[in-house]
Amino acid sequence: MKMSNKRKSISKISAMGGDSSQDNRYYYGGRLVDENMIVLRKRIHETKMIERNYEPPSDWMDWEKKYYTSYDANICSVVGVLQDKLMNMRPSVALGTIAIVTLSVPVSTAMIGFHLFQIVHTVLSAGVH
């Protein structure tokens with residue numbers, strides 16, 4: 001900061017250390033992108049499990065208690081396989097697949113609801129006569 005003739009002049013100097021291409025690969029859109037966030041979440045969950053002595057809640061079913069300790073590893077492996085498949089696809093095919101799955105769930109739910117409504121309507125109309 002320099003002061004001269006009753007005028008304030010502020011100089012700002014910034015430097016970036018290291019290889020800029022290496023540093024910029026984690027910087028995207030004004031925020032830091034942490035590619036190991038899933039690892040952090042997994043460690044937090046493991047810490048919570050250790051605090052509870054690896055005991056699942058008592059109101060869970062037996063099969064839930066059985067898979068409680070390996071649940072995180074199973075989820076990570078399934079998401080990893082899904083990510084690998086999507087990354088090896090062409091972007092248009094991957095986006096199309098995601099769009100079809102996203103749209104098929106509400107459509108199938110609406111169809112099931114419509115058929116259940118028809119069944120209930122038929123049963124009630126037959127019971128009234």
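Keep in mind it's a predicted model, so treat the numbers as computed, not measured.

### Some remarks on the overall build of the chain
No. 1: When helices and strands are tallied, the chain shows five helices and four strands.
No. 2: The buried share of the chain, reckoned over its 129 residues, is 3%.

### What to know about a nonpolar patch on the surface
No. 1: On the surface, I112, L116, I119 and V123 cluster together to form a nonpolar patch covering roughly 400 Å² of accessible area.
No. 2: Looking at the secondary structure, you find L116 in helix α5 (residues 91–128).

### Topic: the UniProt feature "transmembrane region" (unreviewed entry) in the chain
No. 1: As recorded in UniProt, the sites labelled "transmembrane region" (unreviewed entry) are residues 93–117.
No. 2: Along residues 93–117 the backbone is 100% helical and 0% strand, and the end-to-end C-alpha distance reaches 36 Å.

### Structural notes on the environment of R41
No. 1: Examined against the element boundaries, R41 turns out to sit in helix α2 (residues 37–51).
No. 2: With relative accessibility at 56%, the residue R41 sits in the exposed group.
No. 3: Through-space distance from the C-alpha of R41 to that of D72 is 9.8 Å; in sequence the pair is 31 residues apart.

### Some words on α2
No. 1: For α2, spanning 15 residues, the distance from its first C-alpha to its last is 21 Å, which sits close to the expected 21 Å at 1.5 Å a residue.
No. 2: Directly beyond the C-terminal end of α2, a positive phi value near 60° is found at N53.

### So, the confidence of the model for the chain
Detailed conclusions should not be drawn from predicted coordinates in areas where pLDDT is low.
No. 1: This prediction gives the chain a mean pLDDT of 77; 70% of its residues lie at or above 70.
No. 2: Element-level pLDDT for the chain is lowest in strand β1 (residues 2–4), with a mean of 51, against a maximum mean of 92 in α5.

Rules of the game
- Residues numbered from 1 in each chain as written.
- Predicted model: local features only at pLDDT ≥ 70, side-chain atom pairs only at ≥ 80, totals over all residues.
- Heavy atoms only, no water.
- Helix = DSSP H or I, 4+ residues; strand = E, 2+ residues; numbered from the N terminus.
- Buried < 20%, exposed > 50% of the residue type's maximum accessible area, 1.4 Å probe, protein only.
- Patch = residues over 30% accessible without salt bridge, like charges linked within 9 Å, V, L, I, M, F, W, Y side chains within 5 Å.
- Areas by Shrake-Rupley, 256 points an atom, 1.4 Å probe, with all protein chains shown as cover.
- Salt bridge = Lys/Arg side-chain N within 4 Å of Asp/Glu carboxyl O.
- UniProt positions renumbered as here; feature names shortened; annotations may be inferred.
- Expected span 1.5 Å × (residues − 1).
- pLDDT = per-residue confidence, 0-100.

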